[in-house]
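Given next are the chains, with one letter for each unit.
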Amino acid sequence: MPDGFQENIPGGFVRLVYCLGYGENRLLDQPIIFPKNLGTPQFWKIFYSCLNKVGTNEDFASIQGEVPFLVRIRNKLALLRRLRDSGVWLVDTSLAALYLPGQPKPAPALLEACLRTSWDTYVGSVVKAAGPAHVVCIGKGVAQSLGNRLNEVGAPVTVVPQPNAHLTAAEHFQVFQTYYQVVQQALAYQS
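Residues numbered from 1 in each chain as written. Predicted model: local features only at pLDDT ≥ 70, side-chain atom pairs only at ≥ 80, totals over all residues. Heavy atoms only, no water.

J.: An account of the pattern of salt bridges is needed here, citing residue identities and associated values.
T.: Summed over the entire model, instances satisfying the criterion amount to six salt bridges. The partner of E112 in a salt bridge is R116, with the nearest N and O atoms 3.4 Å apart. One end of the pair is E112 and the other is R116, both in helix α3 (residues 108-130) and four residues apart, which spans about a single turn. We classify E112 as partly exposed; its relative accessible area is 28%. (Salt bridge = Lys/Arg side-chain N within 4 Å of Asp/Glu carboxyl O. Helix = DSSP H or I, 4+ residues; strand = E, 2+ residues; numbered from the N terminus. Buried < 20%, exposed > 50% of the residue type's maximum accessible area, 1.4 Å probe, protein only.)

Right, dumping it as structure tokens:
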């Protein structure tokens, strides 16, 4: 951990969107060089937009590289805590990484089989047991692969494009607004 950082957080590293060290080499005992530790800034934008109305890229400044390092890490940690306290969490449909940086993507049929197997053997039961007020499926291809499985959760389902989809800036911000609206409706429903 960097000097001056006193937060009580786990010290391990995984290439998952919630890991504070993913994309933040300065948090690690040794930097990850290969494959590069780029992180997933697009998912931090999703997290942020679940609890905050956004309209421009400047709205994400508190969790991006423009702010001082320790401030950014504290902001990310506070965001994760707010998400947890609000009952918002991201669950990956796949139990294993399906893409390797710099490598070709697996064939669509293999991706679909992996997603369905992960859902059927573990992820689906975890999501159902959580009893969500709403499910947002990130990726039209993921939703298509899962077919009716999402409807079996027993909650409304909203499907949005992947954060790296080729959309206009206005379309991306419409998706961010969708996250915010869904979370606000779910929170109101739970009250």
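Moving on from the coordinates now.
J.: Kindly report on a nonpolar patch on the surface, identifying the contributing residues and their values.
T.: On the surface, L95, Y122 and V126 cluster together into a nonpolar patch covering about 290 Å² of accessible area. Mapped onto the fold, L95 is located in the loop between α2 (69-86) and α3. A relative accessible area of 52% means that L95 is categorised as exposed. (Patch = residues over 30% accessible without salt bridge, like charges linked within 9 Å, V, L, I, M, F, W, Y side chains within 5 Å. Areas by Shrake-Rupley, 256 points an atom, 1.4 Å probe, with all protein chains shown as cover.)

J.: For the nonpolar core, give the residues involved together with the corresponding values.
T.: Judged by nonpolar contacts, the single largest core of 28 residues is most densely connected at F47, C50, L79, L83 and Y179. At the level of secondary structure, the elements contributing two or more residues to this core comprise α1 (41-51), α2 and α5 (169-190). If one sorts the elements of this core by residue count, α1 sits on top with seven residues. Among the nonpolar cores identified, the runner-up in size contains 12 residues, and C137, V142, L146 and V153 belong to it. (Core = buried A, V, L, I, M, F, W, Y, C linked by side-chain atoms within 4.5 Å.)

J.: Residue-level account of the packing of α1 against α2, with values.
T.: In contact at an axis separation of 10 Å, α1 and α2 are set at 55 degrees when each is read in the N-to-C sense. Here α1 lies oblique to α2, going by the angle between them. As α1 runs across α2, the sense of the crossing is left-handed. Contacts between α1 and α2 involve W44, F47, Y48, C50 and L51 from the first element and K76, L79, L80, R82, L83 and S86 from the second. Split by residue class, the contact of α1 with α2 holds eight nonpolar, one polar and two charged. (Axes fitted to C-alpha atoms, helices over the stretch in contact; angles between N-to-C directions. Parallel < 35°, antiparallel > 145°, perpendicular 65-115°, else oblique. Left-handed = near helix turned anticlockwise from the far one by under 90°. Contact = heavy atoms within 4.5 Å. Nonpolar A, V, L, I, M, F, W, Y, C, P; charged D, E, K, R; others polar.)

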